[in-house]
Amino acid sequence: MTMNEAPKYEVYAIKYATRDATCSSYFHGPADPHEDFSMTMDYFIWLIKSDQHAIVVDTGFNEEEAKKRNRTFLRCPISLLPEFGVEVDSVSQVVITHVHYDHLGNADKIRNGQFIVQEAEMAFWTGKYASRKEFLHHVRPDDVVHLVQENFKGRVKFVNGSKEILPGISVHKTGGHSEGLQVVEVPTEKGKVILASDVSHFYKNIQEDRPSSIVANLAQMYDAFDFVNDLAESPDLIIPGHDPAVMEKFPAVEGLEGIAVRIA
């Protein structure tokens, strides 16, 4: 590796929960009577590894929250990190793509890592609209409070737009689904992986230009599709936030079949 060459990272998706709902309920706009069949949504966190670093992208939700929201909880994703040779206390950074309940739960289990969040996201969820019903439903207030407390300890790094957080790894603000939603760009042996999180819940969102049903700003959601498509080297390396097809598209991690796949 030359002085200016970024290291190549390994990237894993870890499935921790699932749910079934009517297909049309996942997409923006009036329900389509032709899409009244059931469709599965999976919940993931992502692990980025190199010889020097272990970075977690999002932290999922816990069993208590799963029961409240009628989700099928499979496992605590943070508890699985040792299966990848990563001790929880060795995690150096945690990228929070946005603070919805299924992306910021379990953050209290990360005791040493620095949290990386967009300024716009934190400002929104500590601002005047956070208590409004249609927004409040999407977060767990205790999770947001925990992140505020971690900020007072100096453990939150704020980003405003795009930022390289480690050699080769960058985050980029897109908005759309939430005010400060961000995606993660990772160099790997396969090429540049884009962890799109909820820019695209399913492959169908970005491939068919169909916004999801949870929208903070519709115009920004369309812009986010364009941004991610432009950023990606290959559509095969755009990783949606909730699509069960991820578990079929990529090889299973040995011993963790049905739980984790290696993206690159």
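Further up the page is the structure itself.
Computed from a prediction, not measured in an experiment: that's the story for all the values here. What you see as residue numbers is a count from 1 along each chain, following the sequence as written. This being a predicted model, a pLDDT of at least 70 is required before a residue's local features are given, and a value of 80 or more before pairs of side-chain atoms are given or counted; all residues contribute to the totals for chains, interfaces and linings. Here the side-chain values reflect all heavy atoms present in the structure, with hydrogen atoms and water set aside.

## Thoughts on the pairing of strand E3 (residues 54–57)
(1) Moving on: Note on exposure labels: buried denotes an accessible area under 20% of the residue type's maximum, exposed denotes more than 50%, and partly exposed covers the range between, all computed with a 1.4 Å probe on protein chains only. For helices the rule is a DSSP run of H or I covering at least 4 residues; for strands it is a run of E covering at least 2, with both sets numbered from the N terminus onward. On E3, burial covers both faces: Ala54 and Val56 on one face and Ile55 and Val57 on the other are all buried.
(2) Moving on: Pairing of strand E2 (residues 38–49) with E3, which is carried by 4 bridges, proceeds in the antiparallel orientation. Looking at E3, one finds that leucine 47 is bridged to valine 56.
(3) Moving on: Any two strands are treated as partners once DSSP identifies two or more bridges connecting them. Linking E2 back to E3 in an antiparallel pair, the connection comprises 4 residues.
(4) Moving on: Where E3 meets strand E5 (residues 93–95), 3 bridges bridge the pair, whose relative direction is parallel. Of the residues in E5, the one forming a bridge with valine 57 is valine 95.

## Some words on the sheet that holds strand E12 (residues 238–240)
(1) Moving on: On the basis of which strands lie adjacent, the open sheet formed by 5 strands has the order E8-E9-E10-E11-E12 and mixed pairing. Looking at strand neighbours, the two that pair on one side only are strand E8 (162–166) and E12, the edges of this open sheet. Looking at each pair of strands side by side, their axes are set apart by 25° on average, direction ignored.
(2) Moving on: Two strands pair when backbone bridges link them, and strand E11 (residues 191–197) and E12 are joined in this way by 3 bridges, in the parallel orientation. If you follow serine 197 over to E12, its bridge partner there is proline 240. In this analysis an axis means a line fitted to C-alpha atoms, helices contributing only their contacting stretch, and an angle means the value between N-to-C directions, from 0 to 180 degrees.

None of this, on its own, says anything about what the molecule does.
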